[in-house]
Amino acid sequence: MELSEPLGLVVEADGRLKPATSTVVRHLSDMGGMYVDAGAEAAMIDAGDPLVYEVFQWDVPPVIGELFVCTTVLQPGKVGSEYFMTKGHFHEQRDRAEVYYGLSGHGQVLMFEGDRVEAVPIGDGMVAYVPPFWAHRTANTGIEPLVFLAVYPGDAGHDYGSIERTGFPEILLDTDRVPALIRRSDR
Ligand code: S6P
Ligand code: ZN
């Protein structure tokens, strides 16, 4: 397989990566029951199905040695009191790590491994490191879009099914305007 050529990329003011070779657009209805308040979720989908996030990616050959580069633009908002978030995934190759670099907005990267959950802040100039074996998703706790750049190994792959089946053990809720991680079993 041919490897990538040298290339320069630009992150535009709205967070779009240029050039991008693939784009993901997720509305609330694309997230199928991931928010804990099913009633609020259904009402928001009925009322117009808001855009939750977009990913702009520069694709590379999916092999060891290459690095995918992408930006995520995650809108502000809540479903009930749960902040807008990404679906979340493990890497299919579980031992592949990832780096997030925050460009604008305010949020937290939620990670879990086994029964441990950690939240790392992300925003302008902040770096979050996702270690091997940790599932990860990002929540926007601010009032403007959260934009971050991610770099991850070409052979990492994505496993969404595990999160779709079990969710994260903890969720990030707005408690009187303060983000708090709440164990799902405690609700
Ligand atoms: C890819 C990386 C991010 C996410 C993006 C959307 O490994 O972690 O680019 O893909 O933030 O999240 P998700 O969970 O829908 O892929
Ligand atoms: Zn990832």
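Hey, could you run me through the overall build of the protein in this one?
If you tally the helices and strands in the protein, you get two helices and 15 strands. Rg of the C-alpha trace for the protein: 16 Å, near the compact-globule value of 16 Å for 187 residues, within the 12% margin. Based on the C-alpha atoms only, the size of the protein along its principal axes is roughly 50 × 35 × 30 Å. Evaluated residue by residue, the protein yields a buried proportion of 45% over its 187 residues. Sequence separation of at least 24 residues holds for 68% of the intrachain contacts in the protein that already meet a minimum separation of 6. Carbon and sulfur atoms make up 53% of the accessible area of the protein, which totals about 9,200 Å². Within the protein, one finds 14 positive and 28 negative side-chain charges whose respective centroids are separated by 5 Å.

Would you mind showing me how to read the pattern of salt bridges here?
Oppositely charged side chains can pair when the atoms bearing their charge come close. All chains considered together, the criterion is met by eleven salt bridges. Of the charged contacts, one joins Arg16 and Asp14 as a salt bridge, the two residues approaching to 3.3 Å between their closest N and O atoms. Exposure remark for Arg16: the relative accessible area of 32% places this residue in the partly exposed category. The network of salt bridges with shared partners includes Asp14, Arg16 and Glu54.

Would you mind showing me how to read the coordination of the zinc ion (ligand 2) here?
Taken together, the protein donors to the zinc ion (ligand 2) comprise His89 (NE2), His91 (NE2), Glu98 (OE) and His136 (NE2), at separations of 2.1 to 2.3 Å. Bound by six donor atoms, the zinc ion (ligand 2) shows angles of 72 to 174° at the metal and therefore octahedral coordination geometry. All donors to the zinc ion (ligand 2) come from one chain, and their sequence spacing reads H-x1-H-x6-E-x37-H. As far as burial versus exposure is concerned, His89 and His91 are alike and both buried.

Looking at this structure, I do not really get the pairing of strand S14 (residues 170-175). What am I missing?
Regular strands show a simple pattern: their side chains alternate between the two faces of the sheet. Buried residues dominate S14, accounting for five of its six residues. In this structure, S14 lies alongside strand S15 (residues 178-183), joined through six bridges in antiparallel fashion. Paired with Thr175 across the bridge in S15 is Val178. Hairpin connection from S14 to S15: two residues lie between these consecutive antiparallel strands, with Asp176 at a positive phi of about 50°.

How should I be thinking about the site of ligand 1 in this particular structure?
Every one of the 18 residues lining ligand 1 counts as a neighbour, but Tyr53, Gly88, Glu98, Tyr100 and Tyr160 are closest to it. Contact between ligand 1 and His91: an oxygen atom at 3.3 Å from a side-chain N or O atom of the residue. When residues of the shell around ligand 1 are traced back to their parent elements, those giving at least two are strand S4 (51-58), strand S5 (67-74), strand S8 (98-104) and strand S13 (146-153). With three residues, S13 is the single largest residue contributor to the shell around ligand 1. Class assignment for the residues of the shell around ligand 1 results in eight nonpolar, seven polar and three charged.

Criteria and cut-off values
- Residues numbered from 1 in each chain as written.
- Chains lettered and ligands numbered in written order.
- Predicted model: local features only at pLDDT ≥ 70, side-chain atom pairs only at ≥ 80, totals over all residues.
- Heavy atoms only, no water.
- Helix = DSSP H or I, 4+ residues; strand = E, 2+ residues; numbered from the N terminus.
- Rg over C-alpha atoms; globule rule 2.2 N^0.38 Å.
- Buried < 20%, exposed > 50% of the residue type's maximum accessible area, 1.4 Å probe, protein only.
- Contact = heavy atoms within 4.5 Å.
- Areas by Shrake-Rupley, 256 points an atom, 1.4 Å probe, with all protein chains shown as cover.
- Lys, Arg positive; Asp, Glu negative; His and termini not counted.
- Charge placed at Lys NZ, Arg CZ, Asp CG, Glu CD.
- Salt bridge = Lys/Arg side-chain N within 4 Å of Asp/Glu carboxyl O.
- Donors = N, O, S within 2.8 Å, 3.2 Å for Na, K, Ca; no water.
- Tetrahedral: all angles 85-135°; square planar, octahedral: opposite > 155°, others 65-115°.
- Pairing = 2+ DSSP bridges.
- Near = heavy atom within 4 Å.
- Polar contact = N/O pair within 3.5 Å; in protein donor to acceptor, adjacent residues only side chain to side chain.
- Nonpolar A, V, L, I, M, F, W, Y, C, P; charged D, E, K, R; others polar.

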